[in-house]
Amino acid sequence: MTKELFSDNSHQDVAGAAWDANKLAMAPMAFQAIRLLWKKGVLSALEKTSYQGGSSIEALEKDTGVSRYGLTVLLEAGLAEKVVKKTNDKYRLSKIGFVILNDKATQINFDFAQDVCYQAMFHLEEAIDQGKPSGLKVFGQWPTIYRALTSLPEPVKTSWFAFDHHYSDSAFSRALEIVFSGETKPRTLLDIGGNTGKWSLRCAEHDKDVRITVVDLPEQVSVADQNVRDAGQSDRIDFFPVDLLDDASSLPENRDAAWMSQFLCCFSESQIVSILTRTRKALNPDGRVFILDTFWDHQRLEVSAYCLIMTSLYFTCLANGNSRMYDGKTMLRLIDQAGLELVSEHRNLGLSHSLLVCKKKSK
């Protein structure tokens, strides 16, 4: 069987495949070791001395308070993962180590993987088999993570919101220009899946005439309501608590626009069609639906597509058990099934987002 699988490969190709395969096998241990090199200050200490030839284990023990034994096993793992380099008896930071120490997105991904996903991923097989977020039980008993967001323990809650906001917030400025431009500039807008109210507040600051309704679960609405009150925008932002998983639920009608930021990825394909169909019914004849999301096939960088595809497993194991980070082609198919059509598409907003602008299908 091995001969058949690798019949067209050289010995070096086989060795390379074995290397990659075994890196995957040992990935959980490598992740924890590299995370500790960062969190315990070893990478930071190395950065300070990398341009002076690096640091010995004795110096690192003094600088970080980590035992010689602990430093030995962690640094050797760092060597294996090319996070650090070694010359004679001194260690220094590699380019990979520099990124881990200084890149905010990488750090947010590390914290999200550790605090939110790591323990839960032990239950991935159960989640796949049952179609339920089986890993969520490591934090408590909820049907989906969205019901749990206000009750998650720390540092889980902080890492979840940091992950969620870091990516969406980067796209907001450009998205505001698109939403509030041209003849279709909305006077009334539904912020569906409004979460903490960040987008609604940005809209209120951007356009002094628009009125906004935040639509989300009651637990999330309560958080957004307080944030809106604190910002002094209660006169133009109101709230509509609803569970959109209930197909019988409806949305406030006669709206010029509906906004969904990183929202539809939280639902299965059939649920997306149901939500978009109800959203279409809530629009005025010339209304628009704005869908901001991170479609993995729209990415400029391979690393972005990789991270998004892996994030799908969070949805499987923790969020709801049936959604994922969608590709753009799939989303366009679901938009069509809901009686909507694409007006325009704007890619490369912020770190990794695309904005789909849709309207009711022409009869």
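Residues numbered from 1 in each chain as written. Predicted model: local features only at pLDDT ≥ 70, side-chain atom pairs only at ≥ 80, totals over all residues. Heavy atoms only, no water.

1. Re the overall build of the protein
Secondary structure assignment for the protein yields 15 helices and nine strands. C-alpha extents for the protein along the principal axes are approximately 70 × 55 × 40 Å. Taken over 363 residues, the protein has a buried fraction of 48%. The long-range fraction of contacts in the protein, counting pairs at least 24 apart against all pairs at least 6 apart in sequence, stands at 67%. Total accessible area on the protein stands at roughly 18,300 Å², and carbon and sulfur atoms take up 53% of it. The protein carries 42 positive and 46 negative side-chain charges, and their two centres are separated by 3 Å. (Helix = DSSP H or I, 4+ residues; strand = E, 2+ residues; numbered from the N terminus. Buried < 20%, exposed > 50% of the residue type's maximum accessible area, 1.4 Å probe, protein only. Contact = heavy atoms within 4.5 Å. Areas by Shrake-Rupley, 256 points an atom, 1.4 Å probe, with all protein chains shown as cover. Lys, Arg positive; Asp, Glu negative; His and termini not counted. Charge placed at Lys NZ, Arg CZ, Asp CG, Glu CD.)

2. What about the packing of helix α3 (residues 27–39) against helix α8 (residues 104–117)?
Where α3 meets α8, the axes come as close as 11 Å, and the angle between the chain directions of the two elements is 125°. For the element pair α3 / α8, the angle class is oblique. Handedness of the α3/α8 crossing: left-handed. For the pair formed by α3 and α8, the contact residues are F31, Q32, I34, R35, W38 and K39 on the first element and Q107, F110, D111, A113 and Q114 on the second. (Axes fitted to C-alpha atoms, helices over the stretch in contact; angles between N-to-C directions. Parallel < 35°, antiparallel > 145°, perpendicular 65-115°, else oblique. Left-handed = near helix turned anticlockwise from the far one by under 90°.)

3. Structural notes on the nonpolar core
Residues I145, I192, L264, L276 and Y314 are the most contacted members of the largest nonpolar core, which totals 56 residues. The element best represented in this core is helix α14 (residues 302–319), accounting for six residues. With near-sequence residues (within four places) excluded, L264 lies in contact with I272, I275, L276, I291, D293, Y326 and M331. Core analysis: the second largest hydrophobic core is formed by 25 residues, L176, A204, A257 and L355 among them. (Core = buried A, V, L, I, M, F, W, Y, C linked by side-chain atoms within 4.5 Å.)

4. Considering the pattern of salt bridges
Applying the stated criterion across every chain, the model contains 17 salt bridges. Of the charged contacts in the structure, one is a salt bridge between D207 and K185, with a shortest N-O distance of 3.2 Å. Placement of D207 in the loop between α11 (198–206) and β4 (211–216) and of K185 in the loop between α10 (156–179) and β3 (188–192) is noted, with a sequence separation of 22 residues between them. A relative accessible area of 5% places D207 in the buried class. Look at K185 and you get partly exposed, because its relative accessible area is 35%. (Salt bridge = Lys/Arg side-chain N within 4 Å of Asp/Glu carboxyl O.)

5. Focus: the confidence of the model for the protein
Put simply, the protein has an average pLDDT of 92, and 96% of its residues get 70 or more. Taken together, the stretch residues 1–7 has pLDDT below 50 and engages in two contacts with residues farther than four places along the chain or on a different chain. (pLDDT = per-residue confidence, 0-100.)

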